[in-house]
2 protein chains.
Amino acid sequence: MKALWVSAHPDRGSLNCHLHQFGVRALHAEGWQVTESDLYAMDWDPVLREEGGADVETEQRKLADADLVVLQFPLWWYGMPAIMKGWIDRVFERGFAYDVMDPATGRARKYGDGGLVGRRALTIVTAGDRPGSLGPRGISGDIEDVLWPTLHGTLWYTGMSALRPHLITQARDVNASTIEGVERELADRLRSVADEEPIGFLPLDEEFYDHSIRLCEGVSPGLTGNAAHRFVT
Amino acid sequence: MKALWVSAHPDRGSLNCHLHQFGVRALHAEGWQVTESDLYAMDWDPVLREEGGADVETEQRKLADADLVVLQFPLWWYGMPAIMKGWIDRVFERGFAYDVMDPATGRARKYGDGGLVGRRALTIVTAGDRPGSLGPRGISGDIEDVLWPTLHGTLWYTGMSALRPHLITQARDVNASTIEGVERELADRLRSVADEEPIGFLPLDEEFYDHSIRLCEGVSPGLTGNAAHRFVT
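Attention here is on the structure that accompanies the text. As the structure is a computational prediction, the values presented were derived from the model and not from experiment. (Residues numbered from 1 in each chain as written. Chains lettered and ligands numbered in written order. Predicted model: local features only at pLDDT ≥ 70, side-chain atom pairs only at ≥ 80, totals over all residues. Heavy atoms only, no water.)

Concerning the relation of the copies chain A and chain B
Between the two copies of this chain, the relationship is a rotation about some axis together with a displacement along it.
Part 1 of the argument: Superposing chain A onto chain B takes a rotation of 180 degrees plus a shift of 0.0 Å along the axis, which leaves an RMSD of 0.0 Å. The superposition of one copy onto the other is thereby described by a two-fold rotation axis. Residue A:Ala82, judged by its C-alpha, is the member of chain A lying nearest the rotation axis, at 2.4 Å. (Least-squares fit on C-alpha atoms with pLDDT ≥ 70 in both.)

Observations regarding the interface of chain A and chain B
Buried accessible area, meaning the area lost when the parts come together, often serves as the stated size of an interface.
Part 1 of the argument: The interface is formed by 58 residues belonging to chain A together with 58 residues belonging to chain B.
Part 2 of the argument: Interface of chain A and chain B: buried area, both sides summed, is about 4700 Å²; carbon and sulfur atoms make up 57% of it.
Part 3 of the argument: In terms of surface lost to chain B, no three residues of chain A exceed A:Trp77, A:Arg137 and A:Ile139, which account for 23% of the buried area on that side.
Part 4 of the argument: Taken together, the connections running from chain A to chain B amount to two salt bridges.
Part 5 of the argument: B:Asp43 is paired through a salt bridge with A:Arg49; the nearest N and O atoms lie 3.1 Å apart.
Part 6 of the argument: When contributions to the side of chain A that touches chain B are tallied by element, the ones reaching two or more residues are helix H4 (82–91), helix H5 (143–146) and helix H6 (148–156) of chain A.
Part 7 of the argument: Ranked by residues supplied to the side of chain A that touches chain B, first place goes to H4(A) with six residues.
Part 8 of the argument: Among the residues making up the side of chain A that touches chain B, the classes are represented as 30 nonpolar, 19 polar and nine charged. (Contact = heavy atoms within 4.5 Å. Buried area = accessible area lost by both parts, 1.4 Å probe. Salt bridge = Lys/Arg side-chain N within 4 Å of Asp/Glu carboxyl O. Helix = DSSP H or I, 4+ residues; strand = E, 2+ residues; numbered from the N terminus. Nonpolar A, V, L, I, M, F, W, Y, C, P; charged D, E, K, R; others polar.)

Some details on the pattern of salt bridges
Part 1 of the argument: Evaluation of the coordinates by the stated rule reveals 22 salt bridges over all chains.
Part 2 of the argument: For the salt bridge of A:Arg189 with A:Glu196, the shortest nitrogen-to-oxygen distance reads 2.8 Å.
Part 3 of the argument: Between B:Arg230 and B:Glu144 there is a salt bridge, with its nearest N and O atoms 2.7 Å apart. Residue B:Arg230 is located in the segment after helix H7 (179–191), and its partner B:Glu144 is located in helix H5 (residues 143–146); the two are separated by 86 residues in the primary sequence.
Part 4 of the argument: One salt-bridge network, held together by shared partners, links A:Glu30, A:Asp188 and A:Arg191.

Below, the structure written as structure tokens:
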């Protein structure tokens, strides 16, 4: 099994860089082959000016080759750092990651059926917030709502199975006496990453969505909001 | 009244660039002084490596001087282009845009009480999606949920009054015969931008949020999701 680990943190001494190295070793120990895209170290250019480029093709090959994609980043302004957003802006091109219209079938390839179908995707996110404030009634919004544009609008959009985010809160307070717990939780998570149940987003299928790509009346009846777009479990 | 218009589109011939020019003229016609940050034209560096910089200070002065902040962008992967995300990552520094702890009061300055309090913020967003798919039961999520990290986690976080997004759907299909309607709707929106009711996000106040920064039990009882963080209207 092959993994691509994409990370974005400017500080070599940061918790993120530590967990990046730790996580790659943990995957190795489980028998994964791991390719890395350390975006700051690569000096990745995040500004989309025109399509393509040799750097874009390299990243597309890494993605095509991966069974698991890890996106690891600190939560900045409740999203990913610009350097990672621009990795997606540039690399997830039409025809590669999705298609407005698949020439073979005449159908759009998106939301569960994109160019990256068959892959799992795990977000590993550090945040300064306390755990409660990124929970269901927390002021910052539930982490799965905060990451909706990534989990649903990017990973699921391109066909990947999005896993629940691995969230590390109060990241600024992690110290020598607490790092071991953080590492253990990450190692446990990575041990079962190939087997765990992904988030059950509904696919773009006429059973669930009507012609205007709204939920059919009988699906999640009366519900609005992001939670309406999931299989009831 | 002073406005700062921040825009991000690489293509000089795009709908976004047209609407940028149109919108600035429309504000001028209403008596606004308008300062611009055309991020592609400025060749803005979106990659946060260390704090500060002359370019950051210039943008902070523009923000400090504005009564209205317009963020205009095409929706890429259900978020803003990396160049604009990195404008926020770099410019919205602690001490300027928010404070974890206000030395004067000992309280955090965030969520309704940041460094940018007193300003209004309007997002103007183009999307390829059909209108229904960014509505309450649309597959892509309601535009106010999609933009939650910006509207609530950035604009409201720093004290600004976030206005409902001005969304232009099916942007790829706008043509010579439909552009007039798009322009008219934008001009109408900008005409009343100083007076319209902002989104009623709840402020960080012990009346609404408990010590772990979760909603108090009696506030939006039983509700979860982004909608729970609003005044009931």
